[in-house]
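Remarks on the overall topology
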Amino acid sequence: MAGSTSIRKGSGIAGFGNPDGSLTVYFENNRFDDSSLHKWENKVRKAYDRMVMNAPTVNKAKLDPKMLEYVGFIDGQGIQLKHPELLQHWLEQSGAVDTAPAGPIVVWPKSKNRF
C-alpha cells in the first residue's frame, strides 16, 4: 500500500488476510512517545481500533505473510497470545521488554458508554 511508513521495532500490529494471500496490517509505533501508548498492548489496541474503523492512516501496509510472525488473536474483548515467546523475543529485540503484557490474556476494560 502506498504511503505506509516503516514498522518500528516494538510496534503493535493488527491485521487480516486478503484473498490474494497477502496481509493488510495496521500498526502503532508510538513515534511521538505518547505515554498512554507505552505498553505494547495499548499500541496493539490502537492499531486494532484503526483497522476495525477503517480509519485513514499512514500506519497501514500490505505485506507478504512471511514477513511477520503470528503471536495471537485480538478482538473487541482483548488479546489472547498464542505464542508469547515470539512476542517476548520481538520486545527483547526492540529494547521494550518493559512494555510486555502481564500475561497471555489481556482483557479490555468495559466501556461505560457501550449499549
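Below or above, wherever it landed, is the structure these notes cover.

Reading guide: rules and limits
Residues numbered from 1 in each chain as written. Predicted model: local features only at pLDDT ≥ 70, side-chain atom pairs only at ≥ 80, totals over all residues. Heavy atoms only, no water. Phe/Tyr/Trp six-rings, centres within 6.5 Å; stacked < 30°, edge-to-face > 60°. Lys NZ or Arg CZ within 6 Å of the ring centre and 35° of its normal. Salt bridge = Lys/Arg side-chain N within 4 Å of Asp/Glu carboxyl O. Helix = DSSP H or I, 4+ residues; strand = E, 2+ residues; numbered from the N terminus. Buried < 20%, exposed > 50% of the residue type's maximum accessible area, 1.4 Å probe, protein only. Expected span 1.5 Å × (residues − 1). Contact = heavy atoms within 4.5 Å. Pairing = 2+ DSSP bridges. Axes fitted to C-alpha atoms, helices over the stretch in contact; angles between N-to-C directions.

The full count for this structure, using the stated rule, is zero aromatic pairs. Just above the ring of Trp108 sits the side chain of Arg45; from NZ or CZ to the centre is 4.6 Å.

This paragraph deals with the pattern of salt bridges. Per the counting criterion, the structure on display carries three salt bridges. One salt bridge connects Lys62 with Asp20, and the closest N-O pair in it is separated by 3.0 Å. Note that Lys62 is positioned in strand β3 (residues 60-63) and Asp20 in the loop between β1 (12-17) and β2 (23-28), a separation of 42 residues in sequence. The salt bridge involving Arg50 is made with Glu28; its shortest N-O contact spans 2.8 Å. Placement of the pair is Arg50 in helix α1 (residues 40-53) and Glu28 in strand β2, with a sequence separation of 22 residues. When its relative accessible area of 6% is taken as the criterion, Glu28 is described as buried.

Bringing the environment of Gln77 into the picture now. Inspection of the secondary structure assignment puts Gln77 in the loop between β4 (72-75) and β5 (78-81). Judged by relative accessible area, Gln77 falls into the partly exposed class, the value being 49%. Distance in space between the C-alpha atoms of Gln77 and Trp108 is 5.6 Å, their sequence separation being 31 residues.

Note: α-helices contain 3.6 residues per turn, so residues at a spacing of three or four share the same orientation. With 14 residues, α1 extends 20 Å from end C-alpha to end C-alpha; this agrees with the ideal 20 Å at 1.5 Å per step. Taken together, the buried positions of α1 are Trp40, Glu41, Lys43, Val44, Ala47, Tyr48, Arg50 and Met51. Its buried side turned inward, α1 meets β1, β2, β4, β5, α2 (84-94) and β6 (105-107). A positive backbone phi angle near 50 degrees is found at Asn54, which sits one or two residues after α1.

Glancing now at the sheet that holds β4. Strand order in the open sheet made by the three strands is β4-β5-β6, with antiparallel pairing throughout. Both outer strands of the open sheet, β4 and β6, are each paired with one neighbouring strand and no more. Going from strand to strand, the sheet's axes swing by 5 degrees on average, the running direction of each strand aside. With four bridges connecting them, β4 and β5 associate as antiparallel partners. Note on β5: the bridge partner recorded for Gly72 is Leu81. The sheet strands contacting α1 are β4, β5 and β6, and the helix crosses β5 at an angle near 115 degrees.

In this sheet, β2 lies alongside β1 in antiparallel orientation, the contact comprising six bridges. Of the residues in β2, the one forming a bridge with Ala14 is Tyr26. Taken together, β1 and the strand that follows it, β2, pair antiparallel across an intervening segment of five residues, in which Gly21 is found at a positive phi of about 90 degrees.

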